[in-house]
Each structure stands twice: as C-alpha cells, then as structure tokens.
Amino acid sequence: MIEKSIEKSNSLRIKILDAIHNAGKGHIGGAFSCIDILSVLYYCDFLKITNKNINESNRNRFLLSKGHAAIAQYVVLQDLGIISNHDLQLLNNGGILGEHPDHRIPGVEFDSGSLGHGLGVASGFALAAKLNNLNYKTYVVLGDGECHEGTIWEAAMLSSHLRLDNLIAIVDRNGLCIHGSTENINGLDPFTDKWESFGWRVLTIDGHNHHEIYEALNSTPQDEKPTVIIADTVKGKGVSFMENNPKWHHGGIDKETYKKCIEELRT
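Asks: What is the right way to read the overall build of the protein chain from this model?
Replies: When its secondary structure is counted, the protein chain shows ten helices and seven strands. A globule of 267 residues ought to have a C-alpha radius of gyration of about 18 Å, and the protein chain, at 17 Å, matches this closely. With respect to the principal axes defined by its C-alpha atoms, the protein chain has extents near 50 × 45 × 35 Å. Sorting the 267 residues of the protein chain into buried and exposed places 54% on the buried side. Relative to all contacts within the protein chain whose residues are 6 or more apart in sequence, the contacts with residues 24 or more apart total 75%. The average position of the 25 basic charges and that of the 33 acidic charges among the side chains of the protein chain differ by 4 Å.

Structural data, given as structure tokens:
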C-alpha cells in the first residue's frame, strides 16, 4: 500500500501542476506540501471512499481545513473516479471545482477556505459519531498558518474535554503562509507543547515520508484523547525553485515555468 501511495504522490504532483497551469492560477505550494499526506490517507485504506459507499453513514470522514490546497484533494478524487477528468479541466472555469472545496462536490465533506474552522467542524463530526454509536474516524488536515486562529484552540480545548479519541488532526507544518514565515508573523513554537497542554496526544513526523505518515495514522489508540500529527513538510515540495518560497503560495504558471517543473517532477 505504501509503495502505491508513493507512486501516486509523484503522478498527482504532475496532475496538480497541469490543473493549475490550465486554470491560469492556483495554490501550488501548499498543495505540494500536503499531497503525500493525502496520498497515504486515500491510498492506504484510512478513508476507503468510493462511489459505492460515499453516502454511507459509517464511512470515515476527511476534511481539508486548509481549503486553499483543494487542488490536492481534487486530483485524488479524480484519480479515484469520484469526479471526472472533465471536472478537473474546468477548474476555475465554470465547472463544479473552484479554488476552495465545496460540499456539493462529490467526496467533499465541508466548505473550507476561510481558515480556522475545519477543526471545530471535524470535532462536530467526531462527536456525532459518538452520539450515534458509529465507529467512523474523522481526519482533518490543517495548515500551520491557520493555527494562528483562536478558533483552532477553542476547538482543540473542546475536543479534549469531550474525549474525542476518534478525531485525528494532521498539521501541514511547512512553516510558511502567504505573508512569509509563520514564526516571524506569530510564532507557534513550542508547537508540540501547546497541543499537549490542551490534552492531545501528539506525534511529530516527516510529512513527506510515507512510512512515517502511515505509522502515525495507524497508531491512534482509543485512549480518550484526540490525536494531532505534526507533519513537518516543505512548501512547494518536488520543485526546487518552489520549495520554501512563499512566492509560490498562489499564482500562475507560464509555459516556461511549467516546462521547468515537469522536468524536475519527471526525474
């Protein structure tokens, strides 16, 4: 399974590049930083979403709180046959796909884009499972920049209080947001200590190492604590001149840039 997710990540980066190039603009840096996480979630049997079970009440849930990276989720949903290649080609051009997720898109649970709300909604999903005696898990991917938002910490406090051990948050810790370094803007460190002080079980991993991602997701015991996985990543991962460069948070990709990206992604 892990070998499949690694293989998928490489091809999905090219799909992300193609879609943003065709659309004229998009959030490529954050999509590249979290695509390995999404690959493990979707291709290593944590989400198990298909067209056949998409409406089942006991299916595991996934919320992309950092909604600006929606293209990373779209290319996975297209690869799984849940949305079409035609949908992907119409990104930002009159189709069902925009730059941020919409719950009307098959396979999307939650409208995100306004940052800071995904963890609270994911907590609601997890609580609903408890109240309805269902055993599904809720996974939510956060950006580290959105962890500047107070609503994140309100949800973190409540999730711990409610003992939501069926809730797994993954923080895409690439250290950058649209304005630059997260630590220069409003320091998050000591990040691990903050989550632990709110009563969470905390794991720290390399967010591009599929084996580490898998092991972290697979080691979330029901110990009456929610789990947060702090995944250290690189914004723009996979293309050297995009890596750790806030310029590539959002923008267009011209033909020359596209050619350079393809050359790196295919080597």
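Asks: Where do I start with the environment of Val141 in this structure?
Replies: Along the chain, Val141 turns up in strand 2 (residues 138-143). For Val141, a relative accessible area of 0% corresponds to the buried category. The spatial distance from the C-alpha of Val141 to the C-alpha of Cys34 is 8.5 Å, given a sequence separation of 107 residues. Excluding its chain neighbours within four sequence positions, the residues that come into contact with Val141 are Ile37, Leu38, Leu41, Phe62, Leu63, Leu64, Ser65, Lys66, Glu146 and Ile170.

Asks: Teacher, can you tell me more about the pattern of salt bridges here?
Replies: Pairing is possible between side chains of opposite charge, provided their charged atoms come close. One pass over the full model with this rule turns up twelve salt bridges. Asp189 is the salt-bridge partner of Arg173, the closest N and O atoms lying 3.3 Å from each other. Here the residue Arg173 occupies a position in strand 3 (residues 167-173), and Asp189 occupies one in the loop between helix 7 (182-186) and helix 8 (191-197), the gap between them amounting to 16 residues. Of the residues examined, Asp189 reaches a relative accessible area of 47% and is grouped as partly exposed. Salt bridges linked by common partners bring Asp144, Arg173, Glu183 and Asp189 together as one network.

Asks: I tried to follow the side chain of Thr227 on my own but got confused; where do I start?
Replies: Mapped onto the fold, Thr227 is located in strand 7 (residues 227-232). For Thr227, a relative accessible area of 0% puts it in the buried group. Within the local environment of Thr227, its side chain forms a polar contact with the side chain of Arg201, the two groups lying 3.5 Å apart.

Calculation notes
- Residues numbered from 1 in each chain as written.
- Predicted model: local features only at pLDDT ≥ 70, side-chain atom pairs only at ≥ 80, totals over all residues.
- Heavy atoms only, no water.
- Helix = DSSP H or I, 4+ residues; strand = E, 2+ residues; numbered from the N terminus.
- Rg over C-alpha atoms; globule rule 2.2 N^0.38 Å.
- Buried < 20%, exposed > 50% of the residue type's maximum accessible area, 1.4 Å probe, protein only.
- Contact = heavy atoms within 4.5 Å.
- Lys, Arg positive; Asp, Glu negative; His and termini not counted.
- Charge placed at Lys NZ, Arg CZ, Asp CG, Glu CD.
- Salt bridge = Lys/Arg side-chain N within 4 Å of Asp/Glu carboxyl O.
- Polar contact = N/O pair within 3.5 Å; in protein donor to acceptor, adjacent residues only side chain to side chain.

Function-wise, these values are silent; they only describe arrangement.
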